[in-house]
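So you can see what is in the structure, the chains are spelled out below.
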Amino acid sequence: MFSQGKMSLSASCDSVSQKRTLSSLLAGRVVKRPKQGDDQHLQEAAVQLLEQQQDLCSLLREVENPNPSNILDGGQKQAASEGITSTFACSLLVCALRRQAAQLGVPLTALSVKMVLERLMEITGTEEEHKRGELLTSSQRVQLFVLLESSRDLLSQGALCPKLLWQEYRRGQRLPQLEVVYHLHFYNILTIKHILESDEGVRLWLASQLKALCSWTPPLGEKEAQQVQQKVLSTVLGVLVGTGFQLSHEPAAADRRISLLCCSVLDDMLFWLLDTVDTSLTQQSAVAGAELWCQLFDASLCGASTSPEALKRFFTHSLTQTLTYKPRLTVSDAITLQNEWTFAKAGRLLTNFFRKLAVIFSVEKLLDHLQQVLETHEVNWKHVLCFLSTLLVYNPCAEPCLKELLSRLLSSAFEGYDLESMITAFLLARQGALEGPCIFPSYSDWFKKSFGGGSSCHATSKKSLVFLLKFLSDLVPFEPPQYLKVHILHPPYVPVKHRSLLMEYVSLAKTRLADLKESVEDMGLYEDVSGAGGAVVQPQCQAVQDVEKAVSLFESTGRISATVMEASIFRRPYFLTRFLPALLMPRVLPVKADARMSFIEALKKADKIPAAQYSSYVESCQRQRQQDRSEVCVDTCDDPQEVLHDQLQEFRKLIVDGHEGEMSAQLSRISHTLSVIFPGRPDELIGQTIIKLHTDTLSLELHIKVINMILRNFCQCMLDASRANPPNKQSLWASKFVSILLGNAHLLCSLVHRLWHLFHKQGSSLSAAHLLGLAAFVVHLHASTSHGPLVQLVPPVLPKPVPIVTALSSALVCSTHDNMLFCVRLCVAAVCYGICRGESLPQQQQQGYISSSLYKKLLYLIPRLLPEARRPPVDGAVCEYQEENSLGLWSSATHSNSTWRKTAWCLWKHSAFCQLQHTPQYQLFFTEWLSNELRVQRSEDALSDPERQEYQQWACLELYLSCPEQQGGCGGDMKLLCSHLLTAIMDQQLSEQNLEKLHHRASQTGSCLPDILSRLQELVYEMEVSTPDVCDFLFELVSQRCSSTVSSTSLSISSELSLQHTLTTWNRILLALPAVLFIKVKTEGGRTTLDCNNLIQHVNQHQRKVCSPAGVLSFHITAHFLRGVLCAGVRCCGRSGEINTAWSQISLHCPLLLLSTVHWWERLSPVVLSLWLRLCDGELLPEQLQLVSACQHWACSLKKGQSLQIPSAPPLLLAASLYAAWRCHGEDERSFSAAMKMLQPERDMKHRQVLVFLLFLCVNNYLSALLCPQEKSRQKASSLCTEVLTVLMDSADWLFIFKSNEQGVYQSVTMVTSDEFTRLMPWAFYSLLLQQSAELLHRAVRCPGFLHTAVLCYINLIQLFLEGHTPPPLTEPPDNQVEASQILSHTKQFLLKTISQTPPTALSSSQLRQLESQCADLDPEVAAALSMHLDPHSLSPEMDFL
C-alpha cells in the first residue's frame, strides 16, 4: 500500500499536494495504524516521499497550515493528532532542510533563512505597502504567527540563525514592516535591541515607521487593529527607553553607541511631537498621531524592558529636551507674549504631554529641575511657562512650592545682582497669576508682598534699590500695560531720601503707557490693577467700575469723593470722555431718586457736568422709559455659551470618572470661557471688595441663562458624585468649582443676584435635587468666605456688608408656611452636607463648612415646626442618633423615601449638630429669635393661633428665661427677658420700612407683633406680682433707649426723627400695658403713698420732645397717665388725699401733663369720672381734679363777660383754661380783649402771672402756625398774641418768657414745649414785635428790661441763622408780617433805633459789658451802638459840649 502511494505521488505531485496535505496524510496514517512500534521505519518512508517534493516553501506552507477539516473533528481526536503532527512536522522539516543543504553544499542555517524569508515576503507583501505604515490584515497576522512558531522551533533545533536572518532581510536595503519586527521581537526570534545593535541604518527607518504607525488610523470598528497598534508602539518605546536609559557603571563602547542610538530615535519622535504642537492649529490631521505617541508616556512602561530608574531618566531627559527645544524666543518676547501662554490657551496636546512627564515626580523635584534647566540652558520660554501652568493647575500643592522657588530666586538675584534670576522670578510669578486666584495669587498681590515693605530684599541698600528700579526700567519697552499699572499703583517701597529714583521710573512707565495709548488718563480713578488675565480691562469697563465705586462712596458719605473732584480738574480728559459717559448711561429712572441720581444731581450742582451733556442724558432717559424696559441686547454669537455647555458636560463626565488632574484642567478651561462671557477682570483675586445686591432687579437674560447652566451643572455633578461617594470622601472638585466663580467679579455679581432671586421668590418651585445641589453650593461658598467678597444689600436691609452666604440667608424669609418649609429643607441639606464634608476634620475646620446663619435658621425653625424637638433630652440617656455617623445623616438627607421631618429630626439629635450649639457664633440669641418671630405673617403661619401661643410661651419661659446670658438667654432674669421683648418690638417698628421693602406682604397680612405684645403683657403681670419696682424698670429702659438714640445735646434732623420714632413706638407699647404700672406705690412706715417722680421725669425729658402739636400730649397718653394715677391711688389708705398730693406734685413739676389734661378735659372728664365711680363706688372726685373743672367753668364765664371769683388754682392752670376756652369755642377778638382787660394785671400779681402764661401759650400757638401753616391760622394766632401783649406791655413780666435763663416763676414754661420751640422764641419775639403798631412799640421800649431782652434775642436770632434753624419761608406772608429772609435786617434796624432811644440808665454796667462782648463778634455795629449811646465813659471831651 505504501509503495502504491509512493508511485502515485511521484506521478502527480501537484495534484496530490492540492488534495491532501502532509499533515492530513500523516494524521490519517497514524489513526489507521493499529500499532505504533515501527516509528523509525515510518520516518524513513516519509523522508523518501519528501525527497520527491523539492519546493521547500510549499513544504513549509503545509507545515504551517493545519487541515481545516481537523478543526471540525472531535476535540479528543484533534488533540491526539496535533501533538504527533507537530512533532513529526518539525522533525521532518529539519531533516529535509539538512538533506537539501547537504546536496547543495550550503549551510543549514542559510537554507532555513532563505526559506523563512521567502515565506515571510509572501505573507507580508511588498515594501511599498510597508512604507504606508499600515498593519497586517487579520489573515496575514494568523499566517505570520504560525510561521513564527515554526521559525522558533527551527531556532530551538539550531536550524535558524537570527543574525543571518536580519542580514538577508536587509540585503538590497529592504526594510521590514514595524509590526513584523514587533512579532519577531515578541517570539524572541530577532529582538529589537539586536536589530539596533547590528544595523546603524535602522534609526531613520525606525523613527519614520513609528511616526507612520502613530499617524495611521485603524478602520472603524477594528478593535484588534487598535490593540495591535498600541502593543507595537508601547513595546518599541519600552525597548528604546530600557536600552537608551539603562544605567551602567562601566558601559562598553558598544553599549554607549546603542544607548545614543535609542536616545536619538526617541528625540526624533519627541521633536516630531513638539513640531506637531506648533502646527496643530493649522494641521488638525497631524494631531492624532502625536496624541497617540503622547499617551504612551506612562508609568506602565516599567516592565521587563524598562526599570523605574530608566523611566525617570527618560522622562527627565524628555522634559529637558522639551523645555529647551527651539529656543528662538527671547526674554523680551516672553514678557510680551506671556498672556497668550496660559493653560487654557495652550494646546491640549502640550499640556497633556507635560502632565505625562510630571506624573511620576514630586512637585519639588520638578521645580528644582526647572530651575536647573533655566540656569544651564537656553530655553523655549513658551514651553517653560506652559509647563509651569500645567504643573500649577494639576497639582494643588504646587502653589507653596512655587512661592518658595520665587523667594529663592529673588534672594539669589539681590545677593549677586543676577538679572537672570530676577527675570526668571518675574516671569514665573506672572505665569502663576495668569492662572487665576484659585491657582496662584494675583501679580499685584505678589509684587506688593515681595517689594512693598521695608523688609523686602531691595530695601537693604541703595544698590539693591537701584538694581530693582534699573531692572524694571529695562522691562518698560516690552511690558504689557497691566503690569506697568501695577508698578505705578503699587510701587515698591522706597525710602524718602531715594524717592527721586522711583519717580524716574514712574515717569518712564507713564510715558510708555501713553505710547501704548493707555495713558495715565485712561487709568481708573479707583483702579485695583492686577497682572492676572490676558484680558486687559478696557477704559470703558474701567470707567464703569469707577462710577460704581464713586456712587458707593457718595451713598455712604453723602459727599462727592475727593478723587472725583480732583479728576474733574487735573484729569479732565478722562473725566469728560470716560467717567461722565459711563455715569450718564441712559436708563429708566426710578420714581424715587436712588444713589446714582443723587450723585448726578450733586455733580450738576457743583458745575461738573456740562449743561448740554446733562440735557442729552435726561432726554435719553425719557426715551428709554418709552421703550420696553425688559429689552436686552444679546450677542448673536452664541458660541461661548455652547462651548461652556460642552465644557461643563465634559467636567461632569470627569467627576464620574474621578480624574483629579483632568478636572483641574477642565476648570481652567471653563474659567477662560467664563471670562469671555463675563468680561472685565476674570482672573483677579477680588479679596474683600463689596458686591451690591439689588434685591429688586435681575441680571441680563444672557447672564441668567449662563448662571442657570452653571448651577444646573453643579447640581448634576453633586448628584453624580454623591451616588459614588459621600461628601467626606469626594475630591476637591466642588471647592475648585466655586473658586473659579469667585475669581470673576462680574460673574459673581450675577450669580449672587440669581441665587437671591431663587431663594427669595422661587424656593417652592425647586425640586429635591435642586435643593441638594444648591445647598452644597452654598456650603462651598461659605467655605470660601476668607477670600470672597462682601455683599451689601440694596436697599440696606442689613446695617453693613456681610459675607455672601449671610446675605443669601436673609433671602430665606421665614414669614409664611411655604417659606418656612423651603428654608428648613435647604438649611437641613446644607448643614447635613457640611457636617459630613468636615467629619474627619478638627472642629475648628468643620465650622468652615457650616454657615452660622443657616444653622441659626434651623435652631429657629425645627422647634417651631417639630414640637417633639422642644422636649429636653432625658438625663443620662444617649440618643440613638448620637451614635450614628455622618454617613447615616447624609443618607437620610439624600434618600428618596426620606421626608424633611425625618431628616430634620435626625439632624437635631446628631452629636455634631448639638456640639455646635455650645459655640458662640452658632447660638441663636433671644434677640434673634424675637426678630424672626416678629416677621411671621399670622394669617399664613404654619402654626394656628393656639399653637403659636404655646410655642412662644415655651420659647420665652422654658428655653430662653433659664438659658445663660452668654448663650443668648436671660439667665433666669425676668427683667432681662422683658427688656428683650420691649427692645425687639421697638426695633421691629423702627425697621418696619426697610422690612416692608424686602417682605412686601408682611405689612398687608400682619406680623406677630400682637402675639409678642401679649407675651410681654403676661410677663409684666407676672413681674408686678413678684417685683415691686416694675415702674422704675420700664422708665429706665425707655430712658436708656432714648439716650442711645440721641448722642449729643444738639440734635440733628436724623436724630430728632429717630427719637420721635422711638417714642412713638414706646407710646404704643405703653398704651398696651396696664396704666397702674407707671405710677409707683411706696410703703414707708406702714403708710402707702404715690411716687410720681419717674412719670414726671419721663414726661419732662422725653415726651415733651415729640408732642404734636407742641406743648400737648396725645389724648390717649394723657388718659393713660390719669388712669394710672387714679388706679394707683385707690391702693393707698387715704386715696383722695394721695391723689390730690400726687396731682399737686404733677401740677408743679410736670406742667406738660397739666396742660394736656386741661386741653383734653372735655373728652377726659367722662372717662375719669366713670373710672373713679367704678373704683370708689360713688365717691366724689379728688379736689385737684375738681379744680380743673372749676377753672374750665371760670374761663367760660369770663369769655361770656361774667366776672366770677377766680379759683384758687395755679396760674398756669388758669391760663390753660382760658386758652382752651377760646380755642375750643372759637375766638372772638372783642370778647377776648374784654376778658383780658377784666383781669387787670396792674392790680393783681396773680392776674399778671395768668396773662404771662397765657401769652406763652399764644406764642407757642403762633410758632406752631409758622412751622405747620396748613394746620394753624397764623393771622388768628398773631391777633391773640397782640391782644395779650396790649394788656401786658407796661409790665416787665412778659419779657421773662423770652429769656431762657431768667424766667423766675415762669420757669415751668421750658418744660412744656419742645427744644425746637424754645430755640425759636427769639424769632417769635421779633416776628411779633415787628407786626405791632408804633404806639405799642413805643410802650414796649419804655418797658423796664426791654432793651436787655431785645439785644439777647437779637444775638440768639443771629445764631439761628448761622446754624440754619430758622423756620421755612412762607409762601403767602401777610401784609404786616416780615418775610423770613428780611427779618434779620429789620430786626437790626429796630434794635439800633431802640438803642438810640433808650437812656443810659436802662442797662446796668455789668449788663452793658456782657452785651457788648456777645455782640462784638456777631455784630460789631450793634456793639458799637451800645457803647456809644449807653456807655457815658465812651464820650470824648470834644463831644461833651454837644
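So, how was this worked out
Residues numbered from 1 in each chain as written. Predicted model: local features only at pLDDT ≥ 70, side-chain atom pairs only at ≥ 80, totals over all residues. Heavy atoms only, no water. Helix = DSSP H or I, 4+ residues; strand = E, 2+ residues; numbered from the N terminus. Buried < 20%, exposed > 50% of the residue type's maximum accessible area, 1.4 Å probe, protein only. Contact = heavy atoms within 4.5 Å. Areas by Shrake-Rupley, 256 points an atom, 1.4 Å probe, with all protein chains shown as cover. Phe/Tyr/Trp six-rings, centres within 6.5 Å; stacked < 30°, edge-to-face > 60°. Lys NZ or Arg CZ within 6 Å of the ring centre and 35° of its normal. pLDDT = per-residue confidence, 0-100. Axes fitted to C-alpha atoms, helices over the stretch in contact; angles between N-to-C directions. Parallel < 35°, antiparallel > 145°, perpendicular 65-115°, else oblique. Nonpolar A, V, L, I, M, F, W, Y, C, P; charged D, E, K, R; others polar. Pairing = 2+ DSSP bridges. Salt bridge = Lys/Arg side-chain N within 4 Å of Asp/Glu carboxyl O. Disulfide = S-S within 2.5 Å. Core = buried A, V, L, I, M, F, W, Y, C linked by side-chain atoms within 4.5 Å. Polar contact = N/O pair within 3.5 Å; in protein donor to acceptor, adjacent residues only side chain to side chain. Left-handed = near helix turned anticlockwise from the far one by under 90°.

Describe in detail the overall build of the protein, supporting the description with residues and values.
Secondary structure assignment for the protein yields 72 helices and 5 strands. Burial statistics for the protein: of 1442 residues in total, 51% are counted as buried. Long-range pairs, those at least 24 residues apart, make up 77% of the contacts in the protein with a sequence separation of at least 6. Of the accessible surface of the protein, which amounts to about 66,100 Å², a share of 53% is contributed by carbon and sulfur atoms.

Give a description of the side chain of Gln 666 that names residues and reports values.
For Gln 666, the location among the structural elements is in helix H35 (residues 660-677). In contact with Gln 666, other than residues within four places in its own chain, are Arg 348, Gln 647, Glu 650, Phe 651 and Leu 654.

Residue-level account of helix H32 (residues 595-605), with values.
Among all positions in H32, only Ala 595, Met 597, Phe 599, Ile 600, Ala 602 and Leu 603 are buried. A positive backbone phi angle near 60 degrees is found at Asp 607, which sits one or two residues after H32.

Explain the packing of aromatic side chains residue by residue, including any values.
Evaluated as defined, the whole model comprises 56 aromatic pairs. Ring geometry for Phe 354 versus Phe 387: centroids 5.3 Å apart, planes at 65 degrees, classification edge-to-face. Of this pair, Phe 354 sits in helix H20 (residues 348-358) while Phe 387 sits in helix H22 (residues 381-394), placing them 33 residues apart in sequence. For Phe 354, a relative accessible area of 0% gives the class buried. Judged by its relative accessible area of 1%, Phe 387 is buried. Site record: aromatic cluster; members linked through ring pairs are Phe 414, Tyr 417, Phe 426, Tyr 443, Trp 446, Phe 447, Phe 451, Phe 467, Phe 471 and Tyr 483. Over the ring of Tyr 483 we find Arg 430, and its NZ or CZ is 4.0 Å from the ring centre.

Can you lay out the confidence of the model for the protein for me, pointing to particular residues and giving the numbers?
Averaged over all residues, the pLDDT of the protein equals 81, while 83% of them reach at least 70. Counting contacts from residues 66-84, a segment whose pLDDT is below 50, to residues more than four positions away or on other chains yields 5 contacts. Residue range residues 993-1004 is modelled with pLDDT below 50. Its contacts to residues more than four positions away, or to other chains, number 19 contacts.

Now, about unusual backbone geometry: what can you tell me, with residues and values included?
Backbone torsion omega between Val 794 and Pro 795 reads 5 degrees, so that peptide bond is classified as cis. Phi is positive for Asn 188, close to 60 degrees, though the residue is something other than glycine. Examined against the element boundaries, Asn 188 turns out to sit in the loop between helix H12 (178-186) and helix H13 (192-198). Residue classification places Asn 188 among the exposed positions, given a relative accessible area of 54%. Positive phi outside glycine occurs at Asp 607, with the angle close to 60 degrees. Looking at where Asp 607 falls in the secondary structure, it is placed in the loop between H32 and helix H33 (611-626).

Talk me through the packing of helix H36 (residues 701-724) against helix H37 (residues 733-742); I want residue IDs and the actual numbers.
Each packed pair of helices is defined by two parameters, the angle between the axes and the distance between the axes. Two elements in contact, H36 and H37, have axes separated by 11 Å at closest approach and are oriented at 170 degrees. Taken together, the axes of H36 and H37 are roughly antiparallel relative to one another. Two secondary-structure elements touch here, H36 through Ile 710, Asn 713, Phe 714, Cys 717, Met 718 and Ala 721 and H37 through Trp 733, Ala 734, Phe 737, Val 738 and Leu 741. In the contact of H36 with H37, the residues fall into 10 nonpolar, 1 polar and no charged.

I'd like a rundown of the sheet that holds strand E1 (residues 690-694), residues and numbers included.
Taken in spatial order, the 3 strands of this open sheet run E1-E2-E3, and their pairing is mixed. Two strands in the sheet have a free side with no partner beyond their single neighbour: E1 and strand E3 (802-803). Note that strand E2 (residues 790-794) and E3 share 2 bridges and pair antiparallel. Residue Leu 790 lies in a different strand from E3, and its bridge partner there is Pro 803.

Explain the pairing of strand E5 (residues 1087-1091) to me, and be specific about the residues and the numbers.
E5 sits mainly inside the fold: 4 of its 5 residues count as buried. Summarising the sheet, strand E4 (residues 1080-1084) and E5 pair through 5 bridges and their orientation is antiparallel. Bridge assignment links Glu 1084 to a residue of E5, and that residue is Arg 1087. In textbook terms, the turn of a hairpin is the stretch between consecutive antiparallel strands, and for E4 and E5 this stretch comprises 2 residues, one of which, Gly 1085, has a positive phi near 60 degrees.

If you had to explain the pattern of salt bridges to someone new, which residues and values would you point to?
In the structure shown here, the tally under the stated rule is 40 salt bridges. Connected via shared salt-bridge partners are Arg 864, Glu 933, Arg 938, Asp 941, Asp 945, Arg 948 and Asp 1011.

Quick one: what's the story with the state of the cysteines, residue by residue and with numbers?
Under the counting rule described, the total for this entry stands at 0 disulfides. Here Cys 823 stays free of any disulfide, with the sulfur of Cys 814 as its closest cysteine sulfur at 3.7 Å. With no disulfide of its own, Cys 963 lies 8.3 Å from the sulfur of Cys 970, the closest cysteine sulfur.

So what's going on with the nonpolar core? Which residues, and what values?
Among the nonpolar cores identified, the biggest contains 268 residues, and Phe 759, Trp 1294 and Phe 1346 are the most heavily contacted of them. Look past the residues within four positions of Phe 759 in its chain and what remains in contact with it is Leu 774, Val 778, Leu 808, Ala 811, Leu 812, Phe 822 and Leu 826. With 146 residues, the next largest nonpolar core counts Leu 97, Val 239, Cys 263 and Val 277 among its residues.

Can you explain the side chain of Asn 339? Please cite residues and give values.
Relative to the helices and strands, Asn 339 resides in the loop between helix H19 (331-337) and H20. Using a relative accessible area of 8% as the deciding quantity, one classes Asn 339 as buried. Among the polar contacts listed, one links the side chain of Asn 339 to the side chain of Tyr 483, at a separation of 3.5 Å.

Please provide a residue-by-residue account of the packing of helix H54 (residues 1053-1072) against helix H56 (residues 1115-1129), values included.
It is at 10 Å that the axes of H54 and H56 come closest, and there the two elements cross at 40 degrees. Between H54 and H56, the crossing angle belongs to the class labelled oblique. Pair H54 / H56 crosses with left-handed handedness. For the pair H54 and H56, contact is made by Asn 1067, Leu 1070 and Leu 1071 and by His 1116, Ile 1117, His 1120 and Phe 1121, respectively. Here the residues of the contact of H54 with H56 sort into 4 nonpolar, 3 polar and no charged.

How would you summarise the pairing of E1 if you had to cite specific residues and measurements?
Alternating positions in E1 separate cleanly, Ile 691 and Leu 693 being buried on one face and Ile 690, Lys 692 and His 694 remaining unburied on the opposite face. As paired strands, E1 and E2 are joined by 5 bridges and run parallel to one another. Looking at E2, one finds that Ile 690 is bridged to Leu 790.

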